[in-house]
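The residues making up each chain are set out below.
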Amino acid sequence: MNWWILRRRVHISWLIASLCFGIALGVVFSKESAVLFFGSWIWLCVALSLIALSLWRSKLYVIPIIIIAGGVVGLWRGAIVQVALQPYANCIGKQVILRGVVDEDPEVDAKQAMTLHVAVTTINGHSLPGKIWITLPESREIKRGDVPTLKGILQPGFGAFVGSMYRADVQSVMRSHPPDFAMTIRQWFGEQIHKVLPSDQAALGIGFLTGQKQAIPPELDEAMRTVGLTHIVVASGYNLTILVRLARRVFSRISKYLAGLFGAGMIAGFMAITGLSPSMSRAGLVSGLSLAAWYYGRKFHPLVLLPLTAAVTLLINPAYGWGDLGWQLSFAAFAGVMIVAPLLQAYFFGKKKPGVLRQVVGETIAAEMVTLPILIAAFGQFSNVALLANVLVVPLVPVAMALTFLAGITVPIFGWLAAVVGWTAHAVLTYMIAVVDFLAVLPFATTELTLPWWSVALAYGALILGCFWMWRVTRYDLRTANLVE
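All values derive from a computational prediction rather than experimental measurement.

**Remarks on the overall build of the chain**
- Secondary structure summary: the chain contains 17 helices and 11 strands in total.
- Here the C-alpha radius of gyration of the chain, 24 Å, is about what a compact globule of 485 residues would show, namely 23 Å.
- Structurally, the chain occupies a C-alpha span of about 75 × 60 × 50 Å along its principal axes.
- Counting only residues that meet the buried cut, the chain has 48% of its 485 residues in that class.
- Within the chain, contacts between residues separated by at least 24 positions form 75% of all contacts whose residues are at least 6 apart in sequence.

In C-alpha cells form, the structure reads like this:
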C-alpha cells in the first residue's frame, strides 16, 4: 500500500519547487570551503542526469532525489564563485587600490560619512569579482553608476560583502557614460517635488516612490528605525507591489493587454530607478511572474513561487544566500504577504474577500510577524511599537505615493493644480511624520533582546505549524493569492 502511494504521479510544479528548494539549500551551504570540490563540471552533469530522471518519472518517490540533485547544482554554483573569490584572502590586512562600480545609492549618516556598495572590477590592477563595503570619512559627489578608484586597507567582509574598507581615500571618480537615464529622471522628479513640499515631507514622498532615502533627515531616519518603519522608504517589494496593483486595476477596465503592459512597465521602470539591490531583484522577479500568471489566467502556488525566485536569484548571485540581510528579509516579507496574510484573513473572516484597508493591514501584520525573528536576531533590538506604527502608517502609503506622484508631474504643467495636490500630500505626509516622532520618543518604544539563531528556527517552526493549522481549518487554496491582485 505504501509503495503504491509512493508511485503516485506528482505535478510537475511540485517537482520544480523541490528542485529549486534543493538549489537554494545547496547555495547557502556552499559558503563552507570544504565543498569547493563541487566546482567540477562532473558534478553538474551528475545533477542534470538526476533532474532529467526525476522529471521523466514524475513520481512521489523521486522528490528526495530531485532535492539532492538541486542541492548539487547549488553547491556547484557556489563553489565556482568561492574559487573566484579566493584571491581576496591574500589581500586582507593589506593596502590595496580597487576600482569598481557603485551599484546602489550611497548613504550618508548624521556625521556626513558616506557608505558605498562597490561591485569590484579590479584590485591592484587584477580583475576580481565580488562586492566591497566602503566607508568614506566625508560625503563626496558620488552617485550610483559612478566608477571610483579607492585606496585603503582591505578588511574581512560580512554578509554578502567579500571585503570591507573603512575611511577609504578617493583617488578618482569616473562618471558613467552614457549617463543613467533613470537616474536623470529621478533627479528631475525630485526637484519638482521639492517645489511644492517642505524638505522633510518631500524626502519622505520621494522615498516612497523611488526608494531613495538619502535625503531623509538623520533624525527622521533614526526615528523610523526605532518604530520599525524603515522598510517603507527603501526600495522594496511593497512599494513595487502598490504600483503594479494600481496599473492592473486601472487599466484592466480598458483591456487586459494594457494592464499587463503598464504593469510590466512599472516593474521595469521602478527597478531601473531604484537599482538591482537583493530585495529589488527578488521583488521584480516575483512581481513579473505573478503578473504573467495573472495575464495568462494561470495561478502560482506561493510554495512554488517562493523557492523558484530564491533559486533564480541565488544562481545569479550566490552571495545573497551567504548572509545578505536584505535578501532574507525580502523573502520573509514575501512569505508573510503570500502565505500568512491570506490564511489569517480566511481564518478570522471566512470567505469574505477583504477590502483594500483590511488587505493592507492584514499584509502588514503578516509581514511583521514573519520578519520579526530575523530582525531581533540581527539587531538585538525589538520595537514594541512596530505593529502599531505599521498599522497607523502603512495603509496610507499608497495614498501618499499617488499624491506625491501627481504633485510632481503637475508642477511643470499646471502649477495651481500642483499646489492643491501638494497641500493634500503635505497633510498626509505630515501625519505620518507626526506618528513616527510621537511613537519614537515613548520610553517603552524599544527593548534590547538577544535571540540566538536556534530560537529563530524554533520561532519559524511554530509559525509553520500555525499556518498548517489555519490551512487545515479553512482549507484555503493558496493558489488564489496573487501578489498583483
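**Let's talk about unusual backbone geometry**
- Even without glycine at this site, Asn124 takes up a positive phi of about 55°.
- Looking at the secondary structure, you find Asn124 in the loop between strand E3 (114-123) and strand E4 (126-127).
- Among the residues examined, Asn124 registers a relative accessible area of 41% and is labelled partly exposed.

**Section: the packing of helix H2 (residues 12-29) against helix H11 (residues 302-316)**
- Relative orientation of the contacting elements H2 and H11 amounts to 40°, with a least axis distance of 8 Å. As summarised for this structure, H2 and H11 are arranged oblique, according to the angle between their axes. In this structure, the crossing between H2 and H11 has a hand that is left-handed. Within the contact between the two elements, H2 uses Ser13, Trp14, Ala17, Cys20, Phe21, Ile23, Ala24 and Val27 and H11 uses Leu303, Val304, Pro307, Leu308, Ala310, Ala311, Leu314 and Leu315.
- A per-class count over the contact of H2 with H11 returns 15 nonpolar, one polar and no charged.

**Concerning the side chain of Ser54**
- With respect to the helices and strands, Ser54 occurs in helix H3 (residues 41-57).
- Beyond its immediate chain neighbours, meaning those up to four positions away, Ser54 contacts Leu15, Val62, Ile65 and Ile66.

**As for the pairing of strand E5 (residues 131-136)**
- With five of its six residues buried, E5 lies for the most part within the structure.
- Summarising the sheet, E3 and E5 pair through six bridges and their orientation is antiparallel. When the bridges of E5 are listed, His117 appears paired with Trp133.
- Pairing of E5 with strand E8 (residues 163-165) involves three bridges; the strand directions are parallel. When the bridges of E8 are listed, Trp133 appears paired with Ser164.

**Here we look at the state of the cysteines**
- On inspection of all chains with the given rule, the structure shows zero disulfides.
- Cys45 provides the cysteine sulfur closest to Cys20, a residue in no disulfide bond, and the two sulfurs are 20 Å apart.
- We classify Cys20 as buried; its relative accessible area is 5%.

**Comments concerning the packing of aromatic side chains**
- One pass over the structure, following the stated rule, counts eight aromatic pairs.
- Pairing Phe158 with Phe161 gives two aromatic rings, centres 5.4 Å apart and planes at 50°, and the pair type is tilted.
- Owing to a relative accessible area of 36%, Phe158 belongs among the partly exposed residues under this scheme.
- Here the aromatic cluster, defined as three or more aromatic residues joined through ring pairs, consists of Trp133, Phe158 and Phe161.

**Quick notes on the pattern of salt bridges**
- As enumerated under the stated definition, the model contains three salt bridges in all.
- Across the pair Asp103 and Lys131 runs a salt bridge, and its minimum N-O distance is 3.1 Å. One end of the pair, Asp103, is in the loop between strand E1 (95-102) and strand E2 (107-108); the other, Lys131, is in strand E5, with 28 residues separating them in the sequence.
- On the basis of relative accessibility, which here comes to 15%, the residue Lys131 falls in the buried class.
- As a salt-bridge pair, Asp146 and Arg175 come within 2.4 Å of each other at their nearest N and O atoms.

**Some details on the pairing of strand E6 (residues 147-153)**
- With five of seven residues buried, E6 is to be regarded as a mostly interior element.
- In this structure, E1 lies alongside E6, joined through five bridges in antiparallel fashion. Bridge pairing in E6 places Ile97 opposite Lys151.
- Relative to strand E9 (residues 169-174), E6 runs antiparallel, the two sharing five bridges. Bridge pairing in E9 links Pro148 to Val173.

**A few points about helix H17 (residues 453-474)**
- Counted at 1.5 Å a residue, the expected span for H17 with its 22 residues is 32 Å, and the 32 Å between its end C-alpha atoms agrees.
- With its phi angle positive at about 55°, Arg475 sits one or two positions after the end of H17.

**Let's talk about the packing of H2 against helix H4 (residues 63-85)**
- One can describe the packing of H2 onto H4 by two numbers: an axis separation of 6 Å at closest approach and a directional angle of 40°. Classified by the angle their axes make, H2 and H4 are oblique. When the axes of H2 and H4 are compared, the crossing they make is right-handed. Residues Leu15, Ser18, Leu19, Phe21, Gly22, Ile23, Gly26, Val27 and Phe29 of H2 form the contact with H4, whose own contacting residues are Ile63, Ile66, Ile67, Gly70, Gly71, Val73, Gly74 and Leu75.
- Partitioned by chemical class, the residues of the contact of H2 with H4 number 11 nonpolar, six polar and no charged.

The rules behind these values
- Residues numbered from 1 in each chain as written.
- Predicted model: local features only at pLDDT ≥ 70, side-chain atom pairs only at ≥ 80, totals over all residues.
- Heavy atoms only, no water.
- Helix = DSSP H or I, 4+ residues; strand = E, 2+ residues; numbered from the N terminus.
- Rg over C-alpha atoms; globule rule 2.2 N^0.38 Å.
- Buried < 20%, exposed > 50% of the residue type's maximum accessible area, 1.4 Å probe, protein only.
- Contact = heavy atoms within 4.5 Å.
- Axes fitted to C-alpha atoms, helices over the stretch in contact; angles between N-to-C directions.
- Parallel < 35°, antiparallel > 145°, perpendicular 65-115°, else oblique.
- Left-handed = near helix turned anticlockwise from the far one by under 90°.
- Nonpolar A, V, L, I, M, F, W, Y, C, P; charged D, E, K, R; others polar.
- Pairing = 2+ DSSP bridges.
- Disulfide = S-S within 2.5 Å.
- Phe/Tyr/Trp six-rings, centres within 6.5 Å; stacked < 30°, edge-to-face > 60°.
- Salt bridge = Lys/Arg side-chain N within 4 Å of Asp/Glu carboxyl O.
- Expected span 1.5 Å × (residues − 1).

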